[in-house]
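Fold and contact review
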Amino acid sequence: MEWLILLQKQNQLKSIVKTNQETEKFGLTLTEQEAQLILEECGHALREQRRIEFGEGITPKIIYGFCDSDFIDQSNYVDTVIKLQEIFYLYKNEMQDEISDDELLHFMKEQFEQICFGDLEYLESTCLSVFAQAIRAGYDGYKETEGRGEYATFDEVKRWDYELYLEALKDLCWR
């Protein structure tokens, strides 16, 4: 049985390293040691959330989904992937597995880019927390959009208006 676990880990490691083929065009690459660290941290997150995964796991999907982000560069790449794994598994549990992996990843990516501007703490403690509450309360509107464009329905923070900002800027410049 241990050989089966070892084989799965080797396949997961290969799958993570293989992401370099896509991510290098965004200036992101992983060494085998970094991929191993990400895989080990994935194992910790799975144990902490009392989850199991089969196949190549969620990590390659996270990498492919987030590699084009303006908020990820080589210096924070490994740490960001590790934290995104932790957040993903936490919220799969918080949402009681009502949401698919892809729906959750779409939601996470959209919020990471448009609301959180790369702030993982805000993503975890605010955006996903509010969304998880809605899902636990029975909201299922995300199914039609695959998790895209959903946060505005639940956002409690008043966002700034771009047109109003430009108008105020013009007023300041013309004084």
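Figured I'd write up the structure that's included with this text.

Cut-off values and rules
Residues numbered from 1 in each chain as written. Predicted model: local features only at pLDDT ≥ 70, side-chain atom pairs only at ≥ 80, totals over all residues. Heavy atoms only, no water. Helix = DSSP H or I, 4+ residues; strand = E, 2+ residues; numbered from the N terminus. Buried < 20%, exposed > 50% of the residue type's maximum accessible area, 1.4 Å probe, protein only. Contact = heavy atoms within 4.5 Å. Areas by Shrake-Rupley, 256 points an atom, 1.4 Å probe, with all protein chains shown as cover. Core = buried A, V, L, I, M, F, W, Y, C linked by side-chain atoms within 4.5 Å. Salt bridge = Lys/Arg side-chain N within 4 Å of Asp/Glu carboxyl O. Polar contact = N/O pair within 3.5 Å; in protein donor to acceptor, adjacent residues only side chain to side chain. Disulfide = S-S within 2.5 Å. Phe/Tyr/Trp six-rings, centres within 6.5 Å; stacked < 30°, edge-to-face > 60°. Lys NZ or Arg CZ within 6 Å of the ring centre and 35° of its normal.

Details of the overall build of the chain
Broken down by element type, the chain carries ten helices and zero strands. Going from N to C terminus, the chain has its helices and strands arranged as α-α-α-α-α-α-α-α-α-α. Per-residue burial for the chain yields a buried fraction of 41% across its 175 residues. Expressed as a percentage of contacts within the chain between residues at least 6 apart in sequence, the contacts between residues at least 24 apart total 67%. In the structure as shown, the chain presents an accessible area of about 10,700 Å², 51% of it carried by carbon and sulfur atoms.

Topic: the nonpolar core
Counting 42 residues, the largest nonpolar core has M95, M108, L123 and L128 as the members making the most contacts within it. At the level of elements, α3 (32–48), α4 (59–66), α5 (77–94), α6 (101–114) and α7 (120–136) are the ones that each hand at least two residues to this core. With ten residues, the top contributor of residues to this core is α5. Once residues lying within four places of it in the same chain are set aside, the contact partners of L128 are I87, Y91, M95, L104, F107, M108 and L123.

Quick word on the environment of A45
By secondary structure assignment, the location of A45 is in helix α3. In this view, A45 contacts E86 and Y89; residues no more than four positions away in its chain are not counted.

Thoughts on the pattern of salt bridges
Scanning the model with the defined rule gives eight salt bridges in all. Across the pair K109 and D68 runs a salt bridge whose closest N-O atoms are separated by 2.5 Å. You can see K109 sitting in helix α6 and its partner D68 sitting in the loop between α4 and α5, a full 41 residues away along the chain. On the accessibility criterion, K109 (17% relative accessible area) is buried. For D68, a relative accessible area of 41% puts it in the partly exposed group.

A word on the side chain of E113
Looking at the element boundaries, E113 is found in helix α6. Among the polar contacts listed, one links the side chain of E113 to the side chain of S69, at a separation of 2.4 Å.

Regarding the state of the cysteines
Two cysteines, two sulfur atoms, one covalent bond between them: this is a disulfide. Within this structure, the stated rule accounts for zero disulfides. Cysteine C116 remains unbridged, with the sulfur of C127 as its closest cysteine sulfur at 3.6 Å. The class of C116 is buried, set by a relative accessible area of 6%.

Points about the packing of aromatic side chains
In the structure shown here, the tally under the stated rule is five aromatic pairs. Judged by centre distance (3.9 Å) and plane angle (10°), the ring pair of F107 and F131 falls under stacked. Residue F107 is found in helix α6, and its partner F131 is found in helix α7; the two are separated by 24 residues along the sequence. Just as F107 is buried, F131 falls in that class too. Taken together, the ring pairs connect F66, F71, F112 and F117 into an aromatic cluster. Lying over the aromatic face of F66, K109 brings its terminal NZ or CZ to 6.0 Å of the ring centre.

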